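Chain by chain, the residues:
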Amino acid sequence: MNRLVLTFILAITLTACAGSDERKREYFERAQAHFETNNLEKARVDVRNALQIDTTYVDARFLFAQIHEQEQNWEQMVANLQIVLEYDENHAQARLKLGSVMLASQAYEQALEQADKVLSAKPDEAEAFALKGAVRLRQGLRTEAIQAAQTALTKDQTNISAIAVLTEVYKAENPDIALDFIEQGLKNQTDVDVFQLMKISVFEENQNVQKANDIYETLISANPDNLYYYYRYVTHLEKNELHDRAESLLRQITQSKPEDVQLKLWLVQYLVNHRDLDQAELALREYIAQDQSQEELHLGLAQVLVANNNVEAARAHLTGTIDEDNDSSLAQRARFALAQLETQLGNTDTAQSIIDKMLEIEPENPDALLLTTRDLLVNEQWDEAIAQGRLILRNRPDSTPALEMIAYAHKQKGASDLAMDNYRQILAVQPSNMTALNELAQDALSRDDAPRAIDIASSALRLDASNITAARTLVAAYADQGELEQALGQASSLIGSSNNLLGLFMTGRVHQLDQNYQQAVVYFSQVLEQEPRAIEALSGLVGSYVGLEQVGAAEQYLKTYIETYEDNSHALELLGVLNTSQGNVDSAQASYQLAIQANPQRASVYIRLGDSYYQQGNIAKALSEYSKGLEAIPNNADLLIRAAQANEALSNAQVAIDLYESALEQAPESIVARNNLAMLYADTAPTEANLNRAASLVREYASRDEATLLDTLGWVYFRLGDYSQAVAYLSRADTNGGNSDPTIKYHLGKALLADGQLQRGKQVLEAAVSAGASAPWLDDAQNALSGS
C-alpha cells in the first residue's frame, strides 16, 4: 500500500478514536450529573450513549448498575456489576455492591467470597471487613461479626457499615456500648441521619419510646419530603399504640402530597386497623371526590365496603366504575375485583363470565390469567398452568404470584430443579418471601446439602421467628450434619414460646437421633399429654420404646391409646408395624384392617397390608389389597406401582404396563416405575415404539452406578440392536454390584455374543447358567451357548 495513503488512513482512524473517547466521557459526565440529582431517566439515556460508543467503559457500566439499583431492578443491577468485574476484576466498589446484594439474598458464602476477593487486592479495604461482619452477624456468628467490624474501624474509624454491625450486636445486651459507637460515628461524619436512625433502633430495642420519638421528630423536621422517615415513625407510633399522633402525622403528609395515592391508602389502612371501617369509607369517598382518576381509591373503597359487610354497595360501586369507561384500565381492574368478590360469594359462573370479558378485551390480562391459572392448578392441569403463568410474566416479569404458581406446578410434575429456579427468581424480587425460603431450604435438605439448608432456614427464621417450617428444617439440617448439639439448642429454644409443642417434639426427635431414647420418651410424652393426636410424636414415642428394647411398653401404650382414640388410623397402623416386627403377622393384618376402617383414604395402610400378604407369598391377596386401595384413592402413585409389581409377578404384563404408565402420570420422576416399565417393554413387548419409550425412561440414569438401572438401560440397548452400548452399560452393571446377580450376567453374556465377543460372552453365560438354576431365561441361555 502507498505510504501516504496509509498515513492518511491512520490519521483518520486516530482522530475518530480520539473523538469517540471525548464523546463517551461527555455522555458519562452528563449521566453522572443527572444521577447525582436523581434524574434517573436522563442518566439512563446518557449512560447508554456512552456504552454504545464503548461497551467496555467500566465507569459507565458501574454507573448503569447504580441506576438499576436506584430503580430496584436487581437483576439488571447484578448483570451490570458482573460485566464490570469481567473487564476489571479488581473493581472494589462493584465487588462490594455485588456482595451486598448477595447478603440481602441470603447467599452468605457468595457474599463472603466477594469480600475476600476485595481484600486479596486491597488488604486495608474497610468496607470489605464491614461486609464480612454483616454476613457473620446474619449467620448468628456474633464473635466473628464483632472482630470483622472492629477491624474495619481500625482501617477507617468513620465506616458506617461497621458501626451499623456493632450497633446491631450490642443494642439489646449493652445499649450504652452501641450508643458509644454511634456517637463516635457522629463526630466524624457529616451525614448524621444514618446515625440518628441507628440511635432510634437502640432506643426502640430498649423500649425508650420518648427518646425515639424525639429523634423521629427531628428527622422529619429536617427532611419534610423524606417519606421513609414518616413510614418509620408511623410504624413506631403504631407499635406503641400512639394512634392519635400516628393518624395526625398521616393526615399531614397526605395533605402535603395530594397526588400520592399510596399515602392516602396508607391512612385508610390505618383507619381500618385502628379506628373503624366507617371512618375509612368516609376518607376514601372524600379522596375520590377530590380526584376521580386515582384508580386504587375506587378499588380500595370496594374492599372497605366488603369488609364492612356492605356487599351490595361494593358490587354497585364496582359495576358503576366499569360502566363509566368499559375498556379502561380502571374498568379492567374493577372487573378483576368484582370477579374475586363473586368467587368469594360462591357465584363461580358469574365470576367466570367477568373473567371471560376481561380476556375478550385484553387476551393477556395478567389479573384474569392469575385467576384462571389458579383454577388450572386446582384441577391439576400443570402444563396449562405453567404456560399461562409464563404469559403473566411476559407482562409482569416480577409477578411473585405467577412465579409461585409456576414453581408449584413444576414441583407437582416432579420437576424439582425447575421449581427451585422459580423460587430463586421469587427471592430476587422479594427476598423475604417465606414460601420460597422454605421450599429452597427443604430442597437443599433433600439433596443432602445441609449447610445450604441451614443457611436458608436460618435466614427465614431471622425474618420470621414463628416460621415453623424453617425451624423444623433447621433442626433436621443440623441433625443431618451430625451437629446434634446445635440441633438440640435450636429445638430447645422453642420450648416455652408460642411454638412450645414444636419445641418439645423436635427436642425429643434430636434425642432420638442421638439414641438417647429415655429422654426422647420424656419429650414425646409431654407433647402427647398436651396434644394426644400429634401423630409424629406418637411415632417418635413408639420408636423410642423400641430403641430401649421395651417393645411390650410400646405395644401397651398403643393399645391403651387406641382404647381412647379408637378411630385413630395412625395408631392402628403403628400397632400393625410393631406386630409385624415381632413376627405376629395375623395380629398385624387385623390392625391394618381396623386402620382402613378408621380411615379408608390412608394409602400407607393398604400398602402395608398388601406387603404383608406379598411377603407370605400370597401375591393374589396382596394385589387384592392394593386394588382396594386404588378404589379408595384412584391416583395414588405408590399404590399404582405396588399393583403393577404384583401384576408383573403374576405374569399380567400388559396390565402391569398400564399401571406403571398411570403411576408415571402421577409421579413422573419415580425411578421404580421408570425402571420396571422399561424392563417390561424390553422383555414382553419389544416393539420399536415401546423400546424407544423404554430408552427415554432410563437414559437419564446412564451416569449413575446402581446395577439395576444400568442393567435395564443395557438390556434396552440390546433389544434396540445397539450391542456396543449394551455391553458398555451391562459391564458396568456387572461391576457395580451385579456380579452376584445371574440375570445381569445373562444379559451381559447375550450382549457380548451379539457384539461378536464370543469367548467372553460364553464365559459370562456359563457363569449365569450355573448360578441361575431355575431362572425363566435358562433355556434361552443354554440355546445361546450351544449355538455359540
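Calculation rules
- Residues numbered from 1 in each chain as written.
- Predicted model: local features only at pLDDT ≥ 70, side-chain atom pairs only at ≥ 80, totals over all residues.
- Heavy atoms only, no water.
- Helix = DSSP H or I, 4+ residues; strand = E, 2+ residues; numbered from the N terminus.
- Areas by Shrake-Rupley, 256 points an atom, 1.4 Å probe, with all protein chains shown as cover.
- Lys, Arg positive; Asp, Glu negative; His and termini not counted.
- Charge placed at Lys NZ, Arg CZ, Asp CG, Glu CD.
- pLDDT = per-residue confidence, 0-100.
- Contact = heavy atoms within 4.5 Å.
- Buried < 20%, exposed > 50% of the residue type's maximum accessible area, 1.4 Å probe, protein only.
- Salt bridge = Lys/Arg side-chain N within 4 Å of Asp/Glu carboxyl O.
- Expected span 1.5 Å × (residues − 1).
- Arc of directions from axis to C-beta.
- Phe/Tyr/Trp six-rings, centres within 6.5 Å; stacked < 30°, edge-to-face > 60°.
- Lys NZ or Arg CZ within 6 Å of the ring centre and 35° of its normal.
- 1 Å grid on protein atoms, 1.4 Å probe; cavity = no way out; pocket = protein on both sides within 12 Å on 5 of 7 lines; lining within 4 Å.
- Points joined across faces, edges and corners; volume = space filled by probe spheres on them.
- Axes fitted to C-alpha atoms, helices over the stretch in contact; angles between N-to-C directions.
- Parallel < 35°, antiparallel > 145°, perpendicular 65-115°, else oblique.
- Left-handed = near helix turned anticlockwise from the far one by under 90°.
- Nonpolar A, V, L, I, M, F, W, Y, C, P; charged D, E, K, R; others polar.
- Core = buried A, V, L, I, M, F, W, Y, C linked by side-chain atoms within 4.5 Å.
- Patch = residues over 30% accessible without salt bridge, like charges linked within 9 Å, V, L, I, M, F, W, Y side chains within 5 Å.

Remarks on the overall build of the protein chain
Working step 1: Along the protein chain, the regular secondary structure elements total 45 helices and zero strands.
Working step 2: C-alpha atoms of the protein chain, sized along the principal axes, occupy 95 × 95 × 65 Å.
Working step 3: Counting every atom, the protein chain has about 38,800 Å² of accessible surface; 47% of that belongs to carbon and sulfur.
Working step 4: The averaged location of the 110 negative side-chain charges in the protein chain is 4 Å from the averaged location of its 63 positive side-chain charges.

Comments concerning the confidence of the model for the protein chain
Working step 1: The predicted model of the protein chain averages 89 in pLDDT, with 97% of residues at 70 or higher.
Working step 2: Across residues 1-16, where pLDDT falls below 50, the model places two contacts with residues more than four positions away in sequence or in other chains.

Thoughts on the side chain of aspartate 711
Working step 1: Secondary-structure assignment places aspartate 711 in helix α41 (residues 707-720).
Working step 2: No salt bridge is formed by the buried aspartate 711. Its closest oppositely charged neighbour is arginine 719, at 11 Å.
Working step 3: Those residues in contact with aspartate 711 that lie beyond four places of it in its chain are Met679, Leu730, Ala733, Ile744 and His747.

Observations concerning unusual backbone geometry
Working step 1: Located in the positive-phi region is asparagine 309, a residue other than glycine, with phi close to 60°.
Working step 2: Relative to the elements of secondary structure, asparagine 309 occurs in the loop between α17 (295-307) and α18 (311-324).
Working step 3: A positive phi angle, near 60°, is found at glutamate 380, a position not held by glycine.
Working step 4: Counting through the fold element by element, glutamate 380 comes out in the loop between α21 (366-378) and α22 (382-395).

Thoughts on helix α20 (residues 348-361)
Working step 1: Between its first and last C-alpha atoms α20 spans 20 Å; for 14 residues at 1.5 Å apiece the expected length is 20 Å, and the two agree.
Working step 2: Along α20, the positions that sit buried rather than exposed are Ala351, Ile354, Ile355 and Met358. The buried residues of α20 all sit within an arc of 100° when viewed along its axis, so they share a single face. Turned more than 90 degrees from where α20 packs its buried face, Asp349 and Glu360 sit exposed.
Working step 3: Summarising the contacts, the buried residues of α20 are in contact with α19 (329-344) and α21.

A look at the pattern of salt bridges
Working step 1: Evaluation of the coordinates by the stated rule reveals 46 salt bridges.
Working step 2: For glutamate 661, the salt bridge is made with arginine 693, and the minimal N-O distance between the two is 2.6 Å. One end of the pair, glutamate 661, is in helix α38 (residues 653-666); the other, arginine 693, is in helix α40 (residues 688-698), and 32 residues separate them in sequence.
Working step 3: Given a relative accessible area of 30%, arginine 693 falls into the partly exposed group.
Working step 4: Each of Asp244, Glu247, Arg251 and Arg275 takes part in salt bridges that share partners, so that together they form one network.

Overview of the environment of valine 378
Working step 1: Relative to the helices and strands, valine 378 resides in helix α21.
Working step 2: Distance in space between the C-alpha atoms of valine 378 and glutamine 616 is 41 Å, their sequence separation being 238 residues.

Observations regarding the environment of proline 686
Working step 1: Within the secondary structure, proline 686 sits in the loop between α39 (671-684) and α40.
Working step 2: Through-space distance from the C-alpha of proline 686 to that of valine 716 is 8.8 Å; in sequence the pair is 30 residues apart.
Working step 3: Once residues within four sequence positions are removed from consideration, proline 686 is found in contact with Tyr681 and Leu691.

Points about the packing of aromatic side chains
Working step 1: What the rule picks out here adds up to 14 aromatic pairs.
Working step 2: Linked through ring pairs, Trp715, Phe718, Tyr723, Tyr746 and Trp777 together constitute an aromatic cluster.
Working step 3: We note lysine 24 situated over the ring of tyrosine 57; from NZ or CZ to the ring centre the distance is 4.7 Å.
Working step 4: It is lysine 621 that lies over the ring of tyrosine 613; its NZ or CZ is 5.5 Å from the centre.

Concerning empty space enclosed by the protein
Working step 1: In total, this model carries one cavity of 30 Å³ or more according to the counting rule given.
Working step 2: Here the largest cavity is characterised by a volume of approximately 30 Å³.
Working step 3: Every residue lining the largest cavity is listed: Glu89, Asn90, His91, Ala92, Arg95, Lys117, Val118, Ala121 and Lys122.
Working step 4: Secondary structure elements with two or more residues in the lining of the largest cavity: α5 (92-104) and α6 (108-121).

Observations regarding helix α23 (residues 400-413)
Working step 1: With 14 residues, α23 extends 20 Å between its outermost C-alpha atoms, agreeing within 8% with the 20 Å of an ideal straight helix rising 1.5 Å per residue.
Working step 2: Listed in full, the buried residues belonging to α23 are Thr400, Ala402, Leu403, Met405, Ile406, Ala407, Ala409 and His410.
Working step 3: Of the surrounding secondary structure, the elements contacted by the buried residues of α23 are α21, α22 and α24 (416-429).
Working step 4: Looking one or two places after α23, you find glycine 414, whose phi comes out positive at around 90°.

Thoughts on the packing of helix α43 (residues 742-754) against helix α44 (residues 758-771)
Working step 1: Closest axis-to-axis distance for the α43/α44 pair is 8 Å, and the angle between their directions is 155°. If you check the angle between α43 and α44, you find them roughly antiparallel. Pair α43 / α44 crosses with left-handed handedness. Every residue of α44 that contacts α43 at Pro742, Lys745, Tyr746, Leu748, Gly749, Lys750, Leu752 and Leu753 is listed here: Leu758, Arg760, Gly761, Lys762, Val764, Leu765, Ala767, Ala768 and Ala771.
Working step 2: Class assignment of the residues belonging to the contact of α43 with α44 gives a composition of eleven nonpolar, two polar and four charged.

Some remarks on the packing of helix α9 (residues 160-170) against helix α11 (residues 193-205)
Working step 1: Where α9 contacts α11, the axes come no closer than 11 Å and their chain directions differ by 5°. Classified by the angle their axes make, α9 and α11 are roughly parallel. Taken together, the residues of α11 that come into contact with α9 (itself represented by Ile160, Ile163, Ala164 and Thr167) are Val194, Phe195, Met198, Ser201 and Val202.
Working step 2: In the contact of α9 with α11, the residues fall into seven nonpolar, two polar and no charged.

A short note on the nonpolar core
Working step 1: Among the nonpolar cores identified, the biggest contains 142 residues, and Tyr423, Met506, Leu558, Leu639 and Tyr660 are the most heavily contacted of them.
Working step 2: Counting residues per element, this core draws most heavily on α41, which supplies eight residues.
Working step 3: Apart from the residues within four sequence positions on either side, tyrosine 660 is in contact with Ile641, Ala644, Gln645, Glu648, Ala673, Asn676, Leu677 and Leu680.

Quick word on a negative patch on the surface
Working step 1: A cluster of like negative charges, contributed by Asp323, Glu324, Asp325 and Asp327, occupies part of the molecular surface.
Working step 2: Tracing the sequence through the fold places aspartate 323 in helix α18.

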